[in-house]
Amino acid sequence: MTNKRRVIIFDTTLRDGEQSPGASMNLSEKLEIAQALVDLGVDVIEAGFPIASPGDFEAVRQIAQVVRGSTICGLARCNDKDIDRAWEALKAAPAPRIHVFLATSAIHREFKLKMTKEEIIERAVSGVKRAAGYCDDIEFSPEDAARTEPDFLCAVVEAAINAGATTVNIPDTVGYATPAHMGKVIRTLRDRVPNIDKAVISIHCHNDLGLAVANSLSAVESGAGQIECTINGIGERAGNCSLEEVVMALRTRGDFYDADTRIQTERLVPTSRLVSNVTGMLVQRNKAIVGRNAFAHEAGIHQDGMLKERTTYEIMRPEDVGFTQTDLVLGKHSGRAALADRAKALGYHLTGEQLQTVFEQFKLLADKKKEIYDADVAALIDQEIHDIAEQWSLESYHVSCGTGGKPTVKLSLRRGDQAITQELTCGDGPVDAIFLAIEKITGVEVVCRDFRVQAVTVGKDAQGEVNVEIEHQGQLYRGRGISTDSVEASAKAFLNAINRVAIRKGKPLHPQHSAVDGV
Ligand code: KIV
Ligand code: ZN
């Protein structure tokens, strides 16, 4: 990067991203993602919403305490209690930021907040001032800014900057904006807010119309200096602006935007994979930048062109976003060093102990499967190192079934020293029977909302990856399991989700999912 304008990347995977239904993460997962975001080169990490729950508070507190290399931000509504709690969580960070938000659009003023324009400005000013009493780096967001009257938006932004806001973030909370609209909002602020040069203008777009990335780029074109985004574009409803897409658009079209970011783009695929595995939210195959097909050329004419000159059909190189160039095949004669090498090339930093565990699983897999591809290695590592603390684990199962009768299942689970076996004749098929037996043993009753099986790689002996989504007491939980036996993978995925229920049980709902959404 030479003299290009540097755009700040503000990642909100751990806050807005976590608001995707079923995407909640536990403390160690959040710490791991925060570290991955530092490695990726993210400037600001929004670590959570400390007032939302004790779990959110603790995650922000620990990230502030141990993660180094990025600014750590915590969200707060515009009231003293939220702001004080956010500071309490953030105060150990060398570079803390408090992010205060208050809705400004007519719809939110009238129906949600029941406040006048004057009261909104007063509340915004007092919130920003309180936060500025704690630290220097203060972000203010007029929620639903894209639907706020331009004159009023300018007035609120001017007042917030005067009160001490150093970043003014313009959210398109409901994904209503279009690129031309968003560009105009940012230009209006730059033209009409007299103190606008005292703050960084930020953009925060939701993807309800599929325009979050385009709207964010348009805002940058009009002068925004910070983009708020998430890995894989996860977030409330249709999600947020996808980090990997917006960053690669700026990098690839640096000629047009004359701007760039600090992102280490070759970390994009490993980070995307990590977030997908932790949240259970699969990345669609044709997803730009990080999808499995993003660099696959199928048409003969394209393949021919690629062989003659890569740039005929490729605007980015796969290795620039973290896809490894070779899909080197490993097998049962491959040693620990070869596995360690592959893991490193795939972007994993394994401790000696983790490498040992993964190597043992690798050997077991190599007995069942002749060729082990990158995706197999990644799946093994993800299963071993991201497995949530297991309450229950699968010991063994046996199912007999066929057409015209109910399956019979004998299933054993282990929890600590205790092993429980259940024998049942029930269900519509082997997977259903196993799920019912697991529910019976664990005592957790759920409704299965989604069940997907896919092959990790190619061939008859490919490992099956199963992703399930279950509902328990109104909350969604996801689980993932892999095995060369797809019934066993299903059992593991279901248990993984049940274990998440056990961990989450008793924690309150996220305030933005519940009715607590005022000031
Ligand atoms: O979408 C939104 O308005 C938000 C704010 C809290 C910034 O997420
Ligand atoms: Zn948002």
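A brief look at the structure comes next.

Thresholds, definitions, all that
Residues numbered from 1 in each chain as written. Chains lettered and ligands numbered in written order. Predicted model: local features only at pLDDT ≥ 70, side-chain atom pairs only at ≥ 80, totals over all residues. Heavy atoms only, no water. Donors = N, O, S within 2.8 Å, 3.2 Å for Na, K, Ca; no water. Helix = DSSP H or I, 4+ residues; strand = E, 2+ residues; numbered from the N terminus. Buried < 20%, exposed > 50% of the residue type's maximum accessible area, 1.4 Å probe, protein only. Pairing = 2+ DSSP bridges. Axes fitted to C-alpha atoms, helices over the stretch in contact; angles between N-to-C directions. Contact = heavy atoms within 4.5 Å. Core = buried A, V, L, I, M, F, W, Y, C linked by side-chain atoms within 4.5 Å. Salt bridge = Lys/Arg side-chain N within 4 Å of Asp/Glu carboxyl O. Near = heavy atom within 4 Å. Polar contact = N/O pair within 3.5 Å; in protein donor to acceptor, adjacent residues only side chain to side chain. Areas by Shrake-Rupley, 256 points an atom, 1.4 Å probe, with all protein chains shown as cover. Nonpolar A, V, L, I, M, F, W, Y, C, P; charged D, E, K, R; others polar.

Another aspect to go through is the coordination of the zinc ion (ligand 2). Ligation of the zinc ion (ligand 2) by protein atoms is provided by Asp16 (OD), His204 (NE2) and His206 (NE2), these donors lying 2.0 to 2.1 Å from the ion. Along the chain, the residues donating to the zinc ion (ligand 2) are arranged with the sequence spacing D-x187-H-x1-H. You can see Asp16 sitting in the loop between strand E2 (8–11) and helix H1 (27–40) and its partner His206 sitting in the loop between strand E8 (200–205) and helix H8 (212–221), a full 190 residues away along the chain. Each member of the pair, Asp16 as well as His206, carries the same accessibility label: buried.

Strand order across the open sheet formed by 3 strands is E14-E15-E16, with antiparallel pairing between neighbours. Strands with a single pairing partner mark the edges of an open sheet, and in this sheet they are strand E14 (447–455) and strand E16 (475–483). Neighbour-to-neighbour, the strand axes of the sheet open up by a mean angle of 15 degrees, direction not taken into account.

Next up on the list: the pairing of strand E15 (residues 464–472). With respect to burial, E15 is a largely interior element, 8 of its 9 residues being buried. Where E15 lies against E16, 9 bridges are found, and the strand directions are antiparallel. Within E16, the residue paired with Ile470 across the bridge is Tyr477.

Read from one edge to the other, the open sheet built from 3 strands follows the order E11-E12-E13, with strand pairing classed as antiparallel. Two strands bound the open sheet, and with one partner strand each, they are strand E11 (393–400) and strand E13 (418–425). On average, each strand axis in the sheet is inclined to that of its neighbour by 10 degrees, with strand direction left out of account. Here strand E12 (residues 408–415) runs beside E13; their pairing, made up of 8 bridges, is antiparallel. Opposite Thr408, over in E13, you have Thr425 as the bridge partner. On the sheet, helix H16 (residues 430–442) packs against E11, E12 and E13 and is oriented at approximately 40 degrees with respect to E12.

Attention now moves to the nonpolar core. Membership of the largest hydrophobic core comes to 96 residues, with the highest contact counts inside it found for Ile72, Ile98, Val157, Ile170, Ile227 and Leu243. Sort the elements by how many residues they give to this core and helix H6 (residues 150–163) lands first, with 9 residues. Among all residues touching Val157, those that are not within four sequence positions of it are Pro142, Val168, Ile170, Leu189, Val193 and Ile196. Listed in part, the 28 residues of the second largest apolar core include Leu413, Val446, Phe494 and Leu495.

Within the chain, Lys114 stands out as a residue other than glycine whose phi angle is a positive 55 degrees. Of note, Lys114 is situated in the loop between helix H4 (106–113) and helix H5 (117–132). Residue class for Lys114 comes out exposed when judged on its relative accessible area of 63%. Unlike most non-glycine residues, Asp258 shows phi in positive territory, near 50 degrees. On the secondary structure map, Asp258 appears in the loop between helix H10 (254–257) and strand E10 (259–260). Residue classification places Asp258 among the partly exposed residues on the basis of a relative accessible area of 47%.

Across all of its chains, the model carries 34 salt bridges by this definition. Put simply, Arg109 and Glu149 hold a salt bridge, and the shortest N to O gap is 2.8 Å. A residue pair is termed long-range when its members are at least 10 positions apart, and Arg109 in helix H4 and Glu149 in the loop between strand E6 (138–143) and H6 qualify at 40 residues. Accessibility expressed as a relative area gives 26% for Glu149, which makes it partly exposed. When salt bridges that share partners are traced, they join Arg6, Asp43 and Arg262 into one network.

Another aspect to go through is the site of ligand 1. Taken together, Arg15, Asp16, His99, Phe101, Ser141, Glu143, Asn169, Pro171, Thr173, His204 and His206 make up all the residues around ligand 1. A distance of 3.0 Å separates an oxygen atom of ligand 1 from a polar atom in the side chain of Arg15. Asp16 places a polar side-chain atom, nitrogen or oxygen, 3.1 Å from an oxygen atom of ligand 1. Starting from 260 Å² of accessible surface for ligand 1 in isolation, the protein chains cover 97%. At the level of secondary structure, the elements contributing two or more residues to the shell around ligand 1 comprise strand E5 (96–103), E6 and strand E7 (167–172). Of the residues belonging to the shell around ligand 1, the class tally is 2 nonpolar, 6 polar and 3 charged.

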